Amino acid sequence: NAGVTQTPKFQVLKTGQSMTLQCAQDMNHNSMYWYRQDPGMGLRLIYYSASEGTTDKGEVPNGYNVSRLNKREFSLRLESAAPSQTSVYFCASGPRTGPRYEQYFGPGTRLTVT
Amino acid sequence: KQEVTQIPAALSVPEGENLVLNCSFTDSAIYNLQWFRQDPGKGLTSLLLIQSSQREQTSGRLNASLDKSSGRSTLYIAASQPGDSATYLCAGVASGGSYIPTFGRGTSLIVHP
């Protein structure tokens, strides 16, 4: 039982390059989330998927796209990376229905855009 | 919109102290409150989750309480150890909405020998 896995762990991009961050969970959760974490800003929700086949914008969606490939996998794509997207990106998953709306996090991807 | 505040932002204590970390939230219609630990360069690890029908949860030296009427949750760490040094975050899920957690910015704890 691996929980939530993310690839890659580290990435350096040049401005304008594109890349996709991968996330997978093996806990049979319906909901999956993408966050970014920046010093002094806390965790900010980029996109989430409440269930397979649906995606919704979070607090900071600009510059990102997502795909819920199946129930297990939720990817985040940067089409044209900018230095402002330098951050640590976390994927999380959790149940869609209560009573416990808890989240489980992956280890993160540390992205630097130069 | 739910807002979650954690005070203090940083805390340094000597080993062995009992300590309390605070988490305040604005929407008393909270469904559950989850406490996490984050070590430097790592992801978030879930410590405890308290449902709205519960007053507290315990795991080892950790005890988390929830008081919806005052909009507060506390994480009590007994007999602190240097290995407890980490950032502790709380996240509240408000009922009646999308059930997406709102996170506080965390309390950075250092326990020195």
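Here the structure is shown first, and the text comes after it.
Since the model is a prediction, treat every value here as computed from it, not as a measurement. (Residues numbered from 1 in each chain as written. Chains lettered and ligands numbered in written order. Predicted model: local features only at pLDDT ≥ 70, side-chain atom pairs only at ≥ 80, totals over all residues. Heavy atoms only, no water.)

**Student:** Could you give an account of the interface of chain B and chain A, with specific residues and numbers?
**Tutor:** Listed per partner, the contact involves 20 residues of chain B and 21 residues of chain A. Counting each side, the surface lost to burial between chain B and chain A is near 1,700 Å², with a carbon and sulfur contribution of 55%. Taken together, the connections running from chain B to chain A amount to zero salt bridges. At the junction of chain B and chain A, the tally comes to four residue pairs in polar contact (both at pLDDT 80 or more). The element that contributes the greatest number of residues to the side of chain B that touches chain A is strand 4 (residues 30–38) of chain B, accounting for five residues. Each residue belonging to the side of chain B that touches chain A can be placed in one class, and the counts come to ten nonpolar, eight polar and two charged. (Contact = heavy atoms within 4.5 Å. Buried area = accessible area lost by both parts, 1.4 Å probe. Salt bridge = Lys/Arg side-chain N within 4 Å of Asp/Glu carboxyl O. Polar contact = N/O pair within 3.5 Å; in protein donor to acceptor, adjacent residues only side chain to side chain. Helix = DSSP H or I, 4+ residues; strand = E, 2+ residues; numbered from the N terminus. Nonpolar A, V, L, I, M, F, W, Y, C, P; charged D, E, K, R; others polar.)

**Student:** Tell me about the sheet that holds strand 8 (residues 74–78) of chain A, residues and numbers included.
**Tutor:** Residues and elements named next belong to chain A. Read across the sheet, four strands follow the order 1-3-8-7 without closing on themselves; strand pairing throughout is antiparallel. Both outer strands of the open sheet, strand 1 (4–7) and strand 7 (64–68), are each paired with one neighbouring strand and no more. Across the sheet, the mean angle from the axis of one strand to that of its neighbour is 20°, orientation sign disregarded. Looking at chain direction, strand 3 (residues 19–25) and strand 8 are connected through three bridges and run antiparallel. (Pairing = 2+ DSSP bridges. Axes fitted to C-alpha atoms, helices over the stretch in contact; angles between N-to-C directions.)

**Student:** How would you sum up the state of the cysteines? Please name residues and give values.
**Tutor:** Throughout the structure, instances matching the rule amount to two disulfides over all chains. There is a disulfide in this structure between Cys23 of chain A and Cys91 of chain A, and the S-S distance comes to 1.8 Å. Disulfide Cys23 of chain A to Cys91 of chain A: torsion about the S-S bond roughly -70°, handedness left-handed. Linking Cys23 of chain A in strand 3 with Cys91 of chain A in strand 9 (residues 87–94), this pair joins segments that are 68 residues apart in sequence. An identical accessibility class is assigned to Cys23 of chain A and Cys91 of chain A; each is buried. A sulfur-sulfur separation of 2.0 Å characterises the disulfide bridge that pairs Cys23 of chain B with Cys90 of chain B. For the disulfide bridge between Cys23 of chain B and Cys90 of chain B, the dihedral angle about the S-S bond is near 85°, and by the sign convention the bridge is right-handed. You can see Cys23 of chain B sitting in strand 3 (residues 19–25) and its partner Cys90 of chain B sitting in strand 9 (residues 86–94), a full 67 residues away along the chain. Neither Cys23 of chain B nor Cys90 of chain B differs from the other in exposure class; each is buried. (Disulfide = S-S within 2.5 Å. Buried < 20%, exposed > 50% of the residue type's maximum accessible area, 1.4 Å probe, protein only.)

**Student:** Quick one: what's the story with the environment of Gly92 of chain B, residue by residue and with numbers?
**Tutor:** Residues and elements named next belong to chain B. Looking at where Gly92 falls in the secondary structure, it is placed in strand 9. Among the residues examined, Gly92 registers a relative accessible area of 1% and is labelled buried. Once the C-alpha coordinates of Gly92 and Ala29 are considered, the two residues, 63 residues apart in sequence, prove to be 10.0 Å apart. Not counting residues up to four positions away in its chain, the partners in contact with Gly92 are Val4, Ile30, Asn32, Leu33, Ile100, Pro101 and Thr102.

**Student:** Residues and numbers for the pattern of salt bridges, please.
**Tutor:** Close approach of charged atoms allows side chains of opposite charge to pair. All names here are of chain A. Evaluated as defined, the whole model comprises five salt bridges over all chains. Residue Asp38 is joined to Arg36 by a salt bridge in which the shortest nitrogen-to-oxygen separation is 2.9 Å. In terms of burial, Asp38 and Arg36 fall into one category: buried. Via salt bridges that share partners, Arg36, Asp38 and Arg44 belong to a single interconnected network.

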